[in-house]
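# Coordinates in review
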Amino acid sequence: MKKPADYLSFLNPIELLRTKKVLQVNPTLPPQRVAVEDTEINVYEYDDKTYEKFTLAKIEESFPFLESPSNTWINVDGLKQEEVEMLCEHFNIHPLIVEDILSLGQRAKMDEIDGLLFCVLNMMYYDDNTQSVESEQVSIVLGERFVMSFQEDPKRDVFKPLRERLKIANSKVRRYDADFLFYILIDLIVDNYYLVMERLGERIEVLEDDIIRSANKKSLAKINILRKEMILFRRTIAPVRELVNGVLRTESELIHEKTEKYFKDVYDHIVQANELADN
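Here we summarise the structure given alongside this text. Quick caveat: nothing in here was measured; it's all calculated off a predicted structure.

Conventions we followed
Residues numbered from 1 in each chain as written. Predicted model: local features only at pLDDT ≥ 70, side-chain atom pairs only at ≥ 80, totals over all residues. Heavy atoms only, no water. Helix = DSSP H or I, 4+ residues; strand = E, 2+ residues; numbered from the N terminus. Buried < 20%, exposed > 50% of the residue type's maximum accessible area, 1.4 Å probe, protein only. Contact = heavy atoms within 4.5 Å. Areas by Shrake-Rupley, 256 points an atom, 1.4 Å probe, with all protein chains shown as cover. Pairing = 2+ DSSP bridges. Salt bridge = Lys/Arg side-chain N within 4 Å of Asp/Glu carboxyl O. Phe/Tyr/Trp six-rings, centres within 6.5 Å; stacked < 30°, edge-to-face > 60°. Lys NZ or Arg CZ within 6 Å of the ring centre and 35° of its normal. Core = buried A, V, L, I, M, F, W, Y, C linked by side-chain atoms within 4.5 Å. Axes fitted to C-alpha atoms, helices over the stretch in contact; angles between N-to-C directions. Patch = residues over 30% accessible without salt bridge, like charges linked within 9 Å, V, L, I, M, F, W, Y side chains within 5 Å. Lys, Arg positive; Asp, Glu negative; His and termini not counted. Charge placed at Lys NZ, Arg CZ, Asp CG, Glu CD.

## Structural notes on the overall build of the protein
Along the backbone of the protein there are nine helices and seven strands. Looking at the 279 residues of the protein, the share that counts as buried comes to 48%. Taking as baseline every contact in the protein between residues at least 6 positions apart, the subset at least 24 positions apart corresponds to 64%. Counting every atom, the protein has about 15,200 Å² of accessible surface; 50% of that belongs to carbon and sulfur.

Here it is as structure tokens:
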């Protein structure tokens, strides 16, 4: 998985020519995903009265949940092409969606295909060790009474609060339909953008203090690195605004009227996040 810092050299055409990296960049060839050794598959089946979590050993064990009368959340951490294809084929998910799930470097977007809603966006993290922003592509599919989420990294995510809420009897997520779960997944990703911006803001304040005390060539280099990192962060979150707007504009019966107001709230959050990033 590439970090934003890995792409900084591509912003400088002179550096590309000098290092001959330009010869390795072909926009017509999609980057190849490296299959992980192990995947983690968790299924959460719930309604207003019952809740069960299942950790599956193989993808085929998820097939019976297609007929479940309850709401079902299938979360796959770590992607293997054959597993993703098997799961999506069983749940009648269009091959174009499968292709997007398995592709790398996707721009955040929302699609409606064959009665399903699909979105792909980046989950952002701030790594304290490297002091850099990292991203992980997340794909989410909403169907009738089920939600699927596909993550690249099984070691971390921002969905822990949701997992805890599902355990609480009579909680809102338990009382609402699958579209509310779809909303919460997107909302948690967007909310985490603010945490990343907060850490970047702290770096800016430290850098400002350093410049006031003793400005030098190193300070200029730090400014340039931080500026480029902010540009990459801004480019990553900017399309999420249209993603959420697409959900609000859809006429799909999967999004119920009582859930629309929650997506309007997410829309307000992502607009504010974009404005903060600009500032």
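Moving on, there is more to tell.
## Digging into the pairing of strand E1 (residues 40–46)
With six of seven residues buried, E1 lies mostly within the body of the structure. Sheet analysis places E1 next to strand E3 (residues 71–77), joined by seven bridges and oriented antiparallel. When the bridges of E3 are listed, Tyr46 appears paired with Asn71. Of the strand pairs in this sheet, E1 and strand E2 (residues 51–56) are connected by six bridges, and their pairing is antiparallel. Bridging across to E2, Tyr44 finds its partner in Lys53. Between the end of E1 and the start of E2, which pair antiparallel, lie four residues.

## A few points about unusual backbone geometry
Of note, Arg145 is a non-glycine position whose phi angle comes to about 70°, a positive value. Inspection of the secondary structure puts Arg145 in the loop between strand E6 (132–143) and strand E7 (146–151). Since its relative accessible area comes to 34%, Arg145 is described here as partly exposed. Despite not being glycine, Asn170 has its phi angle at roughly 65°, a positive value. For Asn170, the location among the structural elements is in the loop between helix H4 (160–166) and helix H5 (172–175).

## Brief notes about the pattern of salt bridges
Applying the stated criterion across every chain yields a total of 10 salt bridges. Linking Lys109 and Asp100 is a salt bridge whose minimum nitrogen-to-oxygen distance equals 2.9 Å. Glu229 is the salt-bridge partner of Arg203, the closest N and O atoms lying 2.6 Å from each other. Here Arg203, found in helix H6 (residues 178–214), pairs with Glu229, found in helix H7 (residues 217–237); they are 26 residues apart in sequence, far enough to count as distant. Residues joined by salt bridges that share partners form a network here, namely Asp100, Lys109 and Asp111.

## A closer look at the packing of aromatic side chains
The tally for this structure, following the rule as stated, stands at 12 aromatic pairs. Seen from their ring centres, Tyr44 and Trp73 are 4.8 Å apart, and the 25° between their planes marks the pair as stacked. Placement of Tyr44 in strand E1 and of Trp73 in strand E3 is noted, with a sequence separation of 29 residues between them. Summarising the burial analysis for this pair, Tyr44 and Trp73 share the class buried. Between Tyr183 and Phe263 the ring centres are 5.7 Å apart and the planes differ by 75°, which places this aromatic pair in the edge-to-face class. Linking Tyr183 in helix H6 with Phe263 in helix H9 (residues 257–278), this pair joins segments that are 80 residues apart in sequence. A residue is classified by how much of its surface remains accessible, and Phe263, at 1% relative accessible area, is buried. Grouping aromatic residues by their ring pairs yields a cluster made of Tyr176, Phe180, Phe182, Tyr183, Tyr262 and Phe263. One cation-aromatic arrangement involves Lys258 over Tyr176; the distance from NZ or CZ to the ring centre is 4.6 Å.

## A word on the nonpolar core
Membership of the largest hydrophobic core comes to 55 residues, with the highest contact counts inside it found for Phe182, Ile186, Tyr193 and Phe233. For this core, the element with the most residues is H6, which contributes 16 residues. Here Phe233 is in contact with Met124, Val133, Tyr193, Val196, Met197, Leu200 and Ala277, once residues within four sequence places are set aside. In terms of nonpolar packing, the next biggest core, distinct from the first, is built from 25 residues, Val76, Val84, Cys88 and Val120 among them.

## Focus on the sheet that holds E1
Taking strand neighbours across the sheet as the criterion, the seven strands line up as E2-E1-E3-E7-E6-E5-E4 in an open arrangement whose pairing is mixed. Of all the strands in the sheet, just E2 and strand E4 (109–113) have a single pairing partner and so form its edges. Neighbour-to-neighbour, the strand axes of the sheet open up by a mean angle of 20°, direction not taken into account. Against the sheet, helix H3 (residues 95–102) contacts E4, strand E5 (116–127), E6 and E7, and its axis sits at roughly 165° relative to E6.

## So, a positive patch on the surface
A contiguous patch of positive charge, built from Lys172, Arg175, Lys258 and Lys261, is present on the exposed surface. Breaking the positive patch down by element, the ones donating at least two residues are H5 and H9. Residue classification places Arg175 among the partly exposed residues on the basis of a relative accessible area of 41%.

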